[in-house]
Amino acid sequence: MKGGNRTRLPRVAEGIREELAELIARQVKDPRVGFVTITAVDVSPDFAHAKVYVSTLADPATIPELLEGLQHAAGFLRRELGRRLHIHTIPQLTFVYDESIERGLRLAHLIDEAVGKEPGKDGEDEDRGA
């Protein structure tokens, strides 16, 4: 990788993440695409491809439809990115479900169970001297 790409690649990935988040929230009207969080974007060194990691707190059964809706909107999103970002190559977008938030919630639940706390309670009543 050339020296300039080392610093440029993360900046381009972050720019793509920010713009996609706004575009999906405001302009994608596909009913399969509900509330989505873009957790990360990995751009290939040649800027030809971008893997877009998305997460949602919606029903896990709807994730395949969500990804299908996003992939269906990829051409529109890519075209809009071309208008908003000042880069020579607009990467092909591939959407991937990021399970990290879901795993984190499950892990927190398991930890709460192991410690004997009710999930969702954080001991606030004890701290107030109730």
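Before any of the text, the structure's been laid out above.
Residues numbered from 1 in each chain as written. Predicted model: local features only at pLDDT ≥ 70, side-chain atom pairs only at ≥ 80, totals over all residues. Heavy atoms only, no water.

Novice: How should I be thinking about helix 3 (residues 74-84) in this particular structure?
Specialist: Two residues of an α-helix separated by three or four positions point the same way, owing to the 3.6 residues in each turn. Listed as buried for helix 3 are A74, L77, E80 and L81. Along the long axis of helix 3, the arc covered by the buried residues comes to 125 degrees, so they all point the same way. (Buried < 20%, exposed > 50% of the residue type's maximum accessible area, 1.4 Å probe, protein only. Helix = DSSP H or I, 4+ residues; strand = E, 2+ residues; numbered from the N terminus. Arc of directions from axis to C-beta.)

Novice: I'm lost on the pattern of salt bridges in this one. Help?
Specialist: Think of it this way: side chains of opposite charge can pair up when their charged atoms draw near. Evaluated as defined, the whole model comprises six salt bridges. A salt bridge links E14 to R17; its shortest N-O distance comes to 2.7 Å. Residue E14 and its partner R17 are both found in helix 1 (residues 3-26); the two are separated by three residues, about one turn of the helix. On the basis of relative accessible area, E14 is assigned to the partly exposed category, the value being 32%. On the basis of relative accessible area, R17 is assigned to the partly exposed category, the value being 23%. (Salt bridge = Lys/Arg side-chain N within 4 Å of Asp/Glu carboxyl O.)

Novice: How should I be thinking about the side chain of E80 in this particular structure?
Specialist: For E80, the position within the fold is in helix 3. You can call E80 buried: its relative accessible area is 11%. Setting aside its immediate chain neighbours within four residues, E80 contacts L23 and Q27. (Contact = heavy atoms within 4.5 Å.)

Novice: Is there a simple way to explain the sheet that holds strand 3 (residues 92-97) in this structure?
Specialist: Each strand in a sheet pairs with another by means of backbone hydrogen bonds, the pair being arranged parallel or else antiparallel. The strand order across the open sheet built from three strands is 1-2-3, with neighbouring strands paired in mixed fashion. Each end of this open sheet is capped by a strand with a single partner; those strands are strand 1 (37-43) and strand 3. In this sheet, neighbouring strand axes are inclined to one another by 25 degrees on average, regardless of whether the strands run parallel or antiparallel. Sheet topology places strand 2 (residues 49-55) next to strand 3; six bridges connect them, and they run parallel. Bridge pairing in strand 3 places V54 opposite Y97. (Pairing = 2+ DSSP bridges. Axes fitted to C-alpha atoms, helices over the stretch in contact; angles between N-to-C directions.)

Novice: What's the story with the pairing of strand 1 in this structure? I'm lost.
Specialist: Both faces of the sheet carry side chains from a regular strand, because those side chains alternate between them. Pairing geometry for strand 1 and strand 2, over six bridges, is antiparallel. Bridge pairing in strand 2 links D42 to K51. Between strand 1 and strand 2, which pair antiparallel in sequence order, lie five residues; one of them, F47, sits at a positive phi of approximately 65 degrees.

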